[in-house]
Amino acid sequence: MTVRVGEASQSKQALPIFPGISTKTAGAKGLSLLKVVIPPGGKAQAHTHKGHESAIYLLQGRVETRYGKNLEKSVVNVAGDFIFIPPDVPHQPVNLSDSEAAIAIVARNDGDEQEHVILYPMKK
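Criteria and cut-off values
Residues numbered from 1 in each chain as written. Predicted model: local features only at pLDDT ≥ 70, side-chain atom pairs only at ≥ 80, totals over all residues. Heavy atoms only, no water. Salt bridge = Lys/Arg side-chain N within 4 Å of Asp/Glu carboxyl O. Pairing = 2+ DSSP bridges. Helix = DSSP H or I, 4+ residues; strand = E, 2+ residues; numbered from the N terminus.

Trainee: Which parts of the structure should I look at to understand the pattern of salt bridges?
Mentor: Proximity of charged atoms lets side chains of opposite charge pair with each other. Under the defined criterion, the tally for this structure stands at one salt bridge. The shortest N-O distance in the salt bridge between E64 and R66 comes to 3.5 Å.

Below, the structure is given as structure tokens:
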């Protein structure tokens, strides 16, 4: 089966996503694969993926991922890096470029991955 991606949709995390393989597009039960774009200077809303692992391949850009209970930890990744996010870990990717979009391919062991996104409340 081939899935051709058309227009981007907006994720719960407030980023443009291009759904590839999912329950909705291909009938996948335990897998999703999508392209995520973080616009120049953009960031996702802090969130978790309830009960699901994420594997990310950064195709383009430089991204700081803040993670942990209060997003107190961070790591910077560059194009070509593979990133693993365990289930239920709060995280927030931030594009470090003001001029170039960051683009990633994301795999998750969840066929309906947006259904299990939980926005993470940030303390003021």
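From this point, things continue past the structure.
Trainee: Would you explain the sheet that holds strand β8 (residues 82-85) in this entry?
Mentor: Pairing between the strands of a sheet comes from backbone hydrogen bonds, and it takes one of two forms, parallel or antiparallel. As summarised here, the arrangement of the six strands in space is β1-β2-β3-β10-β5-β8, forming an open sheet in which the pairing is antiparallel. Across the chains shown, the open sheet's two edge strands, defined by having one partner strand only, are β1 (9-10) and β8. As defined by bridge partners, strand β5 (residues 54-60) adjoins β8 across four bridges and the pair is classed as antiparallel. The residue of β8 that forms the bridge with Y57 is F82.

Trainee: Explain the pairing of strand β6 (residues 62-67) here, please?
Mentor: Regular strands place their side chains on alternate faces of the sheet. The sheet contact formed by β6 and strand β7 (residues 73-78) spans six bridges and is antiparallel. Paired with T65 across the bridge in β7 is V75. Hairpin remark: β6 followed by β7, antiparallel, with five residues in the connecting loop; positive phi at G68, about 105 degrees. As defined by bridge partners, β6 adjoins strand β9 (residues 91-95) across five bridges and the pair is classed as antiparallel. Following the sheet pairing, Y67 is matched in β9 by H91.

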